Amino acid sequence: MLLRLPSATSTIRQCIKNFSVAHPKTSVLSDAWIGVVGLEVHAQINCSTKIFCRSPNQPNAPVNTCIGVFDTAHPGTLPVLNKACVEAGVITALALNARINPVSYFDRKHYFYPDLPAGYQITQQRVALAENGLLSFVVLPPDGAAPYVQQAQLLKLQLEEDSGKSIYSSKLNKVLVDLNRAGVGLMELVFSPCLSGGAEAAALVRHLGQLLRRLGVCTANMNEGALRVDANVSVHKAGSPLGTRTEIKNLNSIRSLREAIEHELSRQVAVLEDGGVVVNETRSFDQDSGTTASMRDKEGLQDYRFMPEFNLPPLRVYDSGAGDPPSSSDCIDGTELRKRSSSVPLVTPELLEALTQRCQLTALDASALIMYGEMCRSFLCMVDQFCGPGDLSSAQANTAEYAARLLLHCHQHVLPQHLQDTVTERVDSSQLWSCAQLVQRNHLRYDRAKEVIARIALHSDARSPQQIAEAENWIQSIDDAAIDAAATEAVYANPVLVEKFLRREGNLKKQQRPLKGLVRYTLEALRRDNDSDVSKRDGEVEASKRDGEVEALKRDGEVAASKRDCEVEASKRDGEVKAPKRDGEVEASKRDGEIEALKRNGEVKASKRDGEVAASKRDGEVEASKRDGEVAASKRDGEVAASKRDGEVEVQGGKGPVKSIAFYEKDDVLTRQGLNRLTVQLLGKDKDVNAIEDAVRKAIHRSSQKN
């Protein structure tokens, strides 16, 4: 018995009911208008061959090299269904909590394009593979409002074949056809019109792409056409029926999707407010101008002449775990496929609130972490373990944020794909929290913390992050005393700025410019001192290594000389024992032996002298290397001092501070926002630009009292 899909009227009524309790608006529309958006997503199935033949599926292959007789619609060719494509569709449907139809059918959809050689597309029109699913996702409003969880109903998921690609050549003034894509398996996911604007549509597609990649059924590379979106857009006033919709075809990026929907909503409102009528049509989006343009009219019902595909039998899916017996030998068992979709997390408002409110993660970090169920649960358990069940303090919240970012970095950028799900097993919660604490307390820079976590995850390093950082000389020490010392140095090195600050006393607004200049020089001094400490420790380690090598070479030379002395003595004894009986020969032999011994002694002494000379040379090289290091350090100090003098000259000349500073890559180094960002980068989140300003003011006060 065939299952009937919900009627269009009942679906629209249910969408209006759901939309009446929608979340805050994320659209550009005024309060008088309501936008309604429904999406149709086409996802290319990640499979080595096409859906109805054995032609290879290679997205970046040369033109017309991945085609066969079925793709080009040769007479007499028959389709053979690819089992891997069906399994991909079942896995996706289970992950979206959709109901799998036990029996579904394939149909022919007739239309005539140059890139469709057969004149029809094989799809599922009567009964789709699955229906009535649900997708929950996190929406990040563009106006900076609090993120929220939205749900979209999946009306149906159907399998079909893709068409070829038409390429217009302006040089030849012809339309060229590439059939590499013809026959590639597609999943068409049709969502109900329950979205309010471009932000929600972009969030849905972004979340769906991450889900498909995680399941391994689609690459979701929109730039390659693996994920394409059609958007149905309409507007209406509250309490009035739904308006006439327009369809925007083939949107191939998240940005294009958001901008196209927002423009179309604004365009329809402008048309209706001017007394016009919105036409039911298909439109395209121009990325350069940011506008939509009409492609063809849809007022007249297009006759696709659907008919059953009699060359393909009904597609049957059963669940052996539920005791359903297979109705035939070619059925697909969903029990094993269910295991691959069980790891997909359910996005709930409670989970989002726990990440953004209690743990105080940013909306972007929370939306990324919420995609990985086991990793998200492990993170929340870690926070409960080290912070308790109550609210988090400021330091604990900063530590939790660093821990989340380190965990995401390790999962996405450190571990290979087949090991990503084991990140919580490879990195112990105590190691992760300890590493995040080092960053929060400003004992370890964040980029170094990522290297520490990478070593733990890849090499199973059982040492604590503190021990790893100490072994690599990565520990930094910038405390309040160091900040005060750097502020004092900046004040004494910049008397012109100090004079301007004191002269403008009483005018807080005019004091900001010299104050920001002193803050900048203070940050320079802190970074220079921290880098010089690390450089000194590295230089001491290198010098120690060279001294050890010199001592080893000296010992090797003494051992070699001792061996040669023993060989000389043995040679003398052998010469005396084997001497002939005749006196003349004995005397001659003795003289020869003595001459040889003298030669060997001379060689030994020469060898000793050579060894001493080589050792002396190495000592000289070590001393020269040390002197070179001191000269280089002196040069760097001189460059820093010259940079400070140049800054003072430019300030005196009225041209403002120097912008080409070593660790400042932005031009806004004298804006408060830029200085605060650099302060957090250098000192951690427990310090901000206010701490540096307070230290500078105190240093100015001490300086003025002495004068």
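Computed from a prediction, not measured in an experiment: that's the story for all the values here.

Caption draft 1: Examining helix α6 (residues 349–358) more closely. Residues of α6 that are buried include every one of L351, L352, L355, T356 and R358, and no others. Residues of α6 that are buried sit in contact with β6 (130–139), β7 (148–161), α7 (363–369) and α8 (373–387). Just downstream of α6 lies Q360, where phi reads positive at about 60°.

Caption draft 2: How the structure looks around a nonpolar patch on the surface. A cluster of nonpolar side chains, namely I167, L172 and L176, defines an oily patch on the protein surface of about 240 Å² accessible area. Relative to the helices and strands, I167 resides in strand β8 (residues 165–169).

Caption draft 3: Here's a closer look at the environment of W433. Along the chain, the position of W433 falls in helix α11 (residues 429–440). Given a relative accessible area of 4%, W433 falls into the buried group. C-alpha of W433 to C-alpha of A404: the two residues are 29 residues apart in sequence and 9.5 Å apart in space. The residues contacting W433, other than those within four sequence positions of it, are M382, V383, F386, C387, Q396, T399, A400 and A403.

Caption draft 4: Focus on the packing of helix α9 (residues 394–414) against α11. Contact geometry of α9 with α11 gives a least axis separation of 8 Å together with a crossing angle of 120°. Of the possible angle classes, the one that applies to α9 and α11 is oblique. As α9 packs across α11, the resulting crossing turns out to be right-handed. Note on element contacts: α11 touches α9 through L432, W433, C435, A436, Q437, V439 and Q440, opposite A395, Q396, N398, T399, A400, Y402, A403, L406 and L407. Taken together, the residues that form the contact of α9 with α11 break down as eleven nonpolar, five polar and no charged.

Caption draft 5: Highlighting the sheet that holds strand β17 (residues 332–333). If you trace the three strands from one edge of the open sheet to the other, you get β3-β16-β17, paired in mixed fashion. Two strands close off the open sheet at either side, each with one partner strand: β3 (103–104) and β17. Inspection of the sheet shows β3 paired to strand β16 (residues 315–318) by two bridges, in the antiparallel sense. The residue of β16 that forms the bridge with V103 is R316.

Caption draft 6: Summary view of the packing of aromatic side chains. The tally for this structure, following the rule as stated, stands at six aromatic pairs. Consider the rings of F52 and F106, whose centres lie 5.8 Å apart with planes at 85°: the pair is edge-to-face. Separated by 54 residues along the polypeptide, F52 in the loop between β1 (33–44) and α2 (83–95) and F106 in the loop between β3 and β4 (107–110) bring together distant segments of the chain. By the burial criterion, F52 is buried, and F106 matches it. With a centroid separation of 5.5 Å and an interplanar angle of 5°, the aromatic rings of F386 and W433 are classed as stacked. Taken together, the positions of F386 in helix α8 and W433 in helix α11 put the pair 47 residues apart, joining distant regions of the chain. Since its relative accessible area comes to 32%, F386 is described here as partly exposed. Put simply, the rings of Y111, Y113, Y304 and F306 pair up and form one aromatic cluster. The positively charged end of K109 is found above the aromatic ring belonging to Y304, 4.4 Å away from the centroid.

Caption draft 7: View of the sheet that holds strand β15 (residues 307–308). Taken in spatial order, the three strands line up as β5-β4-β15 in an open sheet, and their pairing is antiparallel. The strands lining the two open edges of the sheet, one partner per strand, are β5 (120–123) and β15. Pairing of β4 with β5, which is carried by four bridges, proceeds in the antiparallel orientation. Looking at β5, one finds that H110 is bridged to Y120.

Thresholds applied
Residues numbered from 1 in each chain as written. Predicted model: local features only at pLDDT ≥ 70, side-chain atom pairs only at ≥ 80, totals over all residues. Heavy atoms only, no water. Buried < 20%, exposed > 50% of the residue type's maximum accessible area, 1.4 Å probe, protein only. Helix = DSSP H or I, 4+ residues; strand = E, 2+ residues; numbered from the N terminus. Contact = heavy atoms within 4.5 Å. Patch = residues over 30% accessible without salt bridge, like charges linked within 9 Å, V, L, I, M, F, W, Y side chains within 5 Å. Areas by Shrake-Rupley, 256 points an atom, 1.4 Å probe, with all protein chains shown as cover. Salt bridge = Lys/Arg side-chain N within 4 Å of Asp/Glu carboxyl O. Axes fitted to C-alpha atoms, helices over the stretch in contact; angles between N-to-C directions. Parallel < 35°, antiparallel > 145°, perpendicular 65-115°, else oblique. Left-handed = near helix turned anticlockwise from the far one by under 90°. Nonpolar A, V, L, I, M, F, W, Y, C, P; charged D, E, K, R; others polar. Pairing = 2+ DSSP bridges. Phe/Tyr/Trp six-rings, centres within 6.5 Å; stacked < 30°, edge-to-face > 60°. Lys NZ or Arg CZ within 6 Å of the ring centre and 35° of its normal.

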